[in-house]
Structures are given as structure tokens and as C-alpha cells.
Amino acid sequence: VHEVEEQLGTEIVAIDQETRDKLSKDYYWYSPVLNRQLQGLPAADVVILPRNEEEVVKALAFGFRHGIPVTVRGAGTGNYGQAVPLQRGIVLDLSRMDAILEIGPGFARLECGVRLGVIDKKAREVGQEIRIYPSTYVKATVGGFVSGGSGGIGSITYGNLWDGNVLEAVIYTMEETPRRLVVKGPELFTYIHNYGTTGILTEVTIPLSPRTEWTQAIGQFPTFEQAMQFGEALAREEAIPKRLIAPMEWPIPSYFVPFNKVIVPDRAAVMLEFAEETLRLVDALAVQYGGHIGHVIEAKNYRKTIGVSDFTWNHTTLWAMKTDASMTYLQAGFKVDCYLEQVQQIKAKYGDEVYLHVEWVRSGGEVTPTALPVVRFTTEERLYEIIDFFESIGVRIFDPHTWVLDQGGRGEVGSMGRKKRENDPKGLLNPGKINTD
Ligand code: FAD
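Bear in mind that the values here come from a model prediction, so they are computed numbers and not experimental data.

Undergrad: Please set out the site of the ligand residue by residue, giving values where relevant.
TA: If you check the shell around the ligand, you find 38 residues, and the closest are Gly-74, Gly-144, Gly-148, Gly-149 and Gly-196. Counting residues per element, the shell around the ligand draws most heavily on helix α6 (residues 142-148), at five residues.

Below, the structure written as C-alpha cells:
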């Protein structure tokens, strides 16, 4: 510890227990399984907070020389324990590297620690905006999103991280002399959703789209099936620019306490964000599917109050957990050609044990119902029984109750293993998060 302070300077090194504890955790407690496994784990030995690339290089070289594990951290909002240093060592907190380097036509070049909310605000000031972002955008960093997230608001139009939403990245390797790589194109897949295991991103270039004035609204429907079908029709309606289509089964909308006065009970809700001039079209479509558009937040009040999008993606689970601490969630991919049958089979078998929350997205160009169902947790055996049932009826599961990349089921894990051996020969980057055999 003294050597690290000596070599890197006390300004960027933190060794006090409180900082180490705080920066050795993320939001894994959304999963009772991860909570049992990770709670009480000892913190990292030291936190290093570099301010620039040179300091990142020094920290990595120091770790390599001494064989010390390095776990990178953005804002630590990940849900899978990705940012937890399982083998202690160094937590490399990159939140101080938060400069917006360039905003040009259709792109933003950023240091990895910039918060997505800050980027979007700046981009909107010059008539542009970010294309996709997680519901944690106020806190989450761009480096953490690319390395540990998947998609979010905007994914209904632009897809997820693998659909051209990262243009270029500057990567550092974990070697005696860390190499600086500038990566673009398909090679980026070995770094997207890598949990910082194949390299450290210090700079990221993302695409921007023209600024749109967004209206947020809540559609309500007698049944969840109608809400889903309306969602699909809207997803396929090219005349309506949109960012969010999130059908929720009742009683999930009852968990959205700030909206209690505006949500009609016993009805499914669809959380929506679309271009302001299309409100009438959206409303007409809702009527066609037996529903109506209820609460509306006009574009002029966008992000001035709590928004509809603050109840979507994994924020839905958060609101459920606030009401009932026994709730947890799954991540699932329904089949677009038979989702109604799949929904019916799940409801017939699990009733009030599983409530459905879907996010319509465009993945690899195809309109797809992805889902974050809310599950009443009893035991781990029961949770995995539910997972097995989902899979047995053709619903794909991306298990959120594991920190091992190969088991969570996202990303290009095969090619990541090879890249890791090349970039991190001693296996020091976030050990325990990927199997390289
Ligand atoms: P961190 O949690 O700090 O890091 C994530 C992973 O990336 C870790 O493994 C870390 O080691 C690694 N990492 C961080 N920075 C770097 C870097 N510069 N180089 C290499 N590796 C790095 N995710 C979504 O995708 N979509 C959502 O809609 C969404 N909603 C959420 C809602 C809630 C309520 C919560 C709690 C989480 C949600 N998440 C979602 C998960 C998470 O918030 C996002 O993925 C977020 O973008 C992570 O950013 P971060 O800066 O907090 O990353």
C-alpha cells in the first residue's frame, strides 16, 4: 500500500476503509442470490482514481509488476456484481476521467467516466442527442455502460450496444507496458459488455442522432395481452419516432407510487416516449387495441419532473422492491411470433409469483419483446425452476443472478476469452468474471 502511494501519489490513491468498502460494491443486491454470495466480501486493498490516461497506465503497470488484480469501476450501478473485486487488489475508479472531448455532427468522443445524462444534456444543447441509454443515465458512465450494460431507452429504434451504438474505443491492455489500442468495427465486440476483463476503455466514441422533442405518456389497457399487441403495433409503426414502449402487467403499475393518482387500477400500463407531434397517432392506435392514453408529460416538461422512463428497464424492479422487498427479477427474450402463448403459459403456471414487464426493442434490426419479469422470491431452487420453465417454452433467459459472463448469456464471450489471453496474460483484469478455458 505504501509503495502504491509512493509511485502513484496520494492524490489518486485511497486506502481508507470507508472508500474501499463503498467502491467495492455495486447494485448486486437486486438479486437475492448475488446478495447472499457477495455481501460481506472483503473490500479491495486500495482504490486508485486516475485523472488521465498516463495515470491509468501507471496503475496498470504497477498491478502487472506485482501480480495484483485490477477491477475497473465507472459509477458502480451494475446489477450483476460486475464491479465487485472478487480477489481484492485494486479498484480502478475512472469516474474522474469525465471530459467530453468532442461533439461533432452525429458523434460524441468522450472520456470513459462521463455520465450519460451529462453527455445527453450537452448534445441536446447543440441539436443532437444520445441514441440509447440505461434508465440509470443520470449516474451511469459511458465506459460502464459499454463495458457492463446492454441497452435501454432508445433501443426500440436503435437496438442495443451491439447494433452500431459504439463507434470507436481507446483500450489499454494489462501488460508490463500497457498497449494503447484504437478499436473500431467488429473488433469492438470483444470489449462490449466485457466487465473490464479484456481491456480498459479510456475513451469511447458513440453515435448521436438529431434532437427530438419527446412526449412521455402512459397507455392503459384492459388486459396485458392488449397492451403487448399495442406495443408491437407501435414498434412497427415507422411514422412514429419513439424511444420507449414498455408494457407492464397489473399490479406492477401500482408500485409506481409517484403516479398513483394518474394510473387507473386493475389495468395493464404501457410506458411510452414518442415524438411530440405524434400524440394523436399514438392515441388512435391505443384505442384500436381497446385502450387509451392516460397521463401525458408534454415535451416542454421533458426531464423537469420524474419521468415515465424512470419506471422502466430495471427501474421497474426497483419500484417493485420498494413496495415488496421479496421481489426480484429475470431477464428474458420472448419470441415475437408466439409471445402471447408464452405469456399465457407463464401466467397459467405462476399466477401471482411472476408479473410480466416487457420492453419492446429492435435487436439486430428485428422488433423483439425483451422482458424483465418481476418475480416473487422464495428460494433459489424455485427461482431456477422458474428459469427452467421459461426456457422449456422457448423464452430465452439472460440470467441476472450470476457475475460470470459466460453464464449471463450476453455478448461475444467466445472471442473475449482469446482476446483476454492476449491483452491480459496474467489474468489480472477483474478475475472470476469470465472463464477462459
Ligand atoms: P459500473 O457498474 O461501474 O461498471 C459496469 C462493468 O463495466 C463492471 O464490470 C466494470 O468493471 C466495467 N467497467 C466500468 N468502466 C469500465 C471501463 N472504462 N473500461 C472497462 N471496463 C469498465 N443497464 C442497461 O444496460 N440498461 C438499463 O436500462 C439499465 N437499467 C438499470 C436500472 C437500475 C435501477 C439499475 C440499478 C441498473 C440498471 N442497469 C441497466 C445496469 C447499469 O446501471 C448500467 O449498465 C450502467 O450503464 C452501468 O454503468 P456504470 O458506470 O455504473 O458501470
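Undergrad: So what about the packing of helix α8 (residues 224-236) against helix α11 (residues 339-350)? Which residues, and what values?
TA: At a minimum axis separation of 11 Å, α8 and α11 run at an interaxial angle of 155°. Between α8 and α11, the crossing angle belongs to the class labelled roughly antiparallel. In the packing of α8 onto α11, the handedness of the crossing is right-handed. Where α8 abuts α11, its residues Phe-224, Glu-225 and Met-228 lie against Tyr-339, Leu-340 and Val-343. For the contact of α8 with α11, the residue count by class is five nonpolar, no polar and one charged.

Undergrad: Break down the UniProt feature "domain: FAD-binding PCMH-type" (unreviewed entry) in the protein chain for me, with residues and values.
TA: According to UniProt, the "domain: FAD-binding PCMH-type" (unreviewed entry) feature falls on residues 39-211. Here residues 39-211 is 20% helix and 26% strand, with 42 Å between the C-alpha atoms at its ends.

Undergrad: Lay out the environment of Ile-306 with the relevant residues and their values.
TA: For Ile-306, the location among the structural elements is in the loop between β14 (292-297) and α10 (314-323). Taking the C-alpha atoms as reference points, Ile-306 and Ala-83, 223 residues apart in sequence, are found 28 Å from one another.

Undergrad: Break down the nonpolar core for me, citing the residues and quoting the values.
TA: By size, the foremost hydrophobic cluster in this structure holds 110 residues, and its most contacted members are Val-142, Val-204, Ile-245, Val-270, Met-271 and Leu-272. Counting six residues, the second largest nonpolar core, distinct from the first, contains Tyr-28, Leu-34, Ala-83 and Val-84.

Undergrad: Hey, could you go over the sheet that holds strand β13 (residues 268-275) for me, with residue numbers and the actual values?
TA: Strand order in the open sheet made by the four strands is β12-β13-β11-β14, with antiparallel pairing throughout. Of all strands in the sheet, those with a lone pairing partner are β12 (242-248) and β14, marking the two edges. Across the sheet, the mean angle separating the axes of adjacent strands is 20° when strand polarity is ignored. Inspection of the sheet shows β12 paired to β13 by six bridges, in the antiparallel sense. Bridge pairing links Pro-247 to Val-270 in β13. On top of the sheet, α8 reaches β11 (214-221), β12 and β13; it is set at about 165° to β12, its chief contact.

Undergrad: Could you give an account of helix α14 (residues 413-423), with specific residues and numbers?
TA: Along α14, the residues that are buried comprise Val-413, Met-416, Lys-419, Lys-420 and Asn-423. Down the axis of α14, the buried set is contained in an arc of 110°. They therefore lie on one face. What points out from α14, more than 90 degrees from its buried face, is the exposed set Gly-414, Arg-418 and Arg-421.

Undergrad: Outline the domain arrangement of the protein chain, listing residues and values.
TA: Entries for the protein chain in the domain assignment read domain 1 (2-93), domain 2 (100-210) and domain 3 (214-397). The centre of domain 2, based on its C-alpha atoms, is set 26 Å off from the matching centre of domain 3. With 12 residues of domain 2 in contact, the opposing surface of domain 3 contributes 17 residues. Its residues assigned to classes, the side of domain 2 that touches domain 3 shows three nonpolar, eight polar and one charged.

Undergrad: Before we move on, can you summarise the packing of α8 against helix α9 (residues 279-288) with the specific residues and values?
TA: α9 packs onto α8 with a crossing angle of 145° between their chain directions and a minimal axis gap of 9 Å. In this structure, the crossing between α8 and α9 has a hand that is right-handed. Here Phe-230, Ala-233 and Leu-234 of α8 come into contact with α9, specifically with Val-282, Leu-285 and Ala-286. In the contact of α8 with α9, the residues fall into six nonpolar, no polar and no charged.

Undergrad: Run through the environment of Ile-119, naming residues and quoting values.
TA: Within the secondary structure layout, Ile-119 lies in helix α5 (residues 116-125). When the 24 C-beta atoms within 10 Å are taken as the criterion, Ile-119 is described as buried. Between the alpha carbons of Ile-119 and Ile-103 there is a distance of 9.1 Å; along the sequence they are 16 residues apart. Aside from chain neighbours lying at most four places away, what touches Ile-119 is Ile-100, Ala-108, Leu-110, Val-114, Ile-130 and Val-142.

Undergrad: Give a detailed account of the environment of Gly-196, specifying residues and quantitative values.
TA: Within the element layout of this structure, Gly-196 appears in the loop between β9 (180-184) and β10 (200-210). Of the residues examined, Gly-196 has 26 C-beta atoms within 10 Å and is grouped as buried. Considered as a pair, Gly-196 and Asn-430 are 234 residues apart in the sequence and their alpha carbons are 6.5 Å apart.

Undergrad: Run through the sheet that holds strand β20 (residues 374-376), naming residues and quoting values.
TA: Ordered in space as β15-β20-β17, the three strands form an open sheet in which the pairing is antiparallel. One side of each edge strand has no neighbouring strand; the edge strands of this open sheet are β15 (327-329) and β17 (354-355). Sheet topology places β15 next to β20; three bridges connect them, and they run antiparallel. Residue pairing for β20: Met-327 is matched across the bridge by Arg-376.

Definitions and limits used
- Each chain carries its own residue numbering, running from 1 in the written order of its sequence.
- Residue-level local features of this predicted model are given only where pLDDT is at least 70; pairs of side-chain atoms are given and counted only at 80 or more, and the full residue set underlies all totals for whole chains, interfaces and linings.
- Contact assignment follows one rule, namely that a residue is near a molecule or strand if its backbone-placed C-beta atom lies within 6 Å of it.
- Working definition: helices are DSSP H or I runs of at least four residues, strands are E runs of at least two. Numbering for both runs from the N terminus.
- Note on geometry: axes are C-alpha line fits, over the in-contact stretch for helices, and angles between N-to-C directions span 0 to 180 degrees.
- When describing relative orientation, an angle under 35 degrees is termed roughly parallel and one over 145 degrees roughly antiparallel, while 65 to 115 degrees is termed roughly perpendicular and anything else oblique.
- Helix crossings fall into two classes, left-handed where the near helix is turned counterclockwise from the far one by less than a right angle and right-handed where it is turned clockwise.
- Note on contacts: residues are paired as contacts if their backbone-placed C-beta atoms lie within 7 Å.
- Only Asp, Glu, Lys and Arg are considered charged, only Ala, Val, Leu, Ile, Met, Phe, Trp, Tyr, Cys and Pro nonpolar, and every remaining residue, Gly among them, polar.
- UniProt positions are given in the numbering used here, feature names are shortened, and annotations may be inferred rather than shown by experiment.
- In this description, a nonpolar core means buried residues of the types Ala, Val, Leu, Ile, Met, Phe, Trp, Tyr and Cys, linked to one another by C-beta atoms lying within 7 Å.
- Exposure criterion: with C-beta atoms placed from backbone coordinates, a residue whose C-beta has 20 or more other C-beta atoms within 10 Å is buried, one with 12 or fewer is exposed, and one in between is partly exposed.
- The pairing criterion for strands is at least two bridges between them, as found by DSSP.
- Our arc is simply the arc of the directions from the helix axis toward the C-beta atoms.
- Domain delimitation follows an automatic or database domain assignment.

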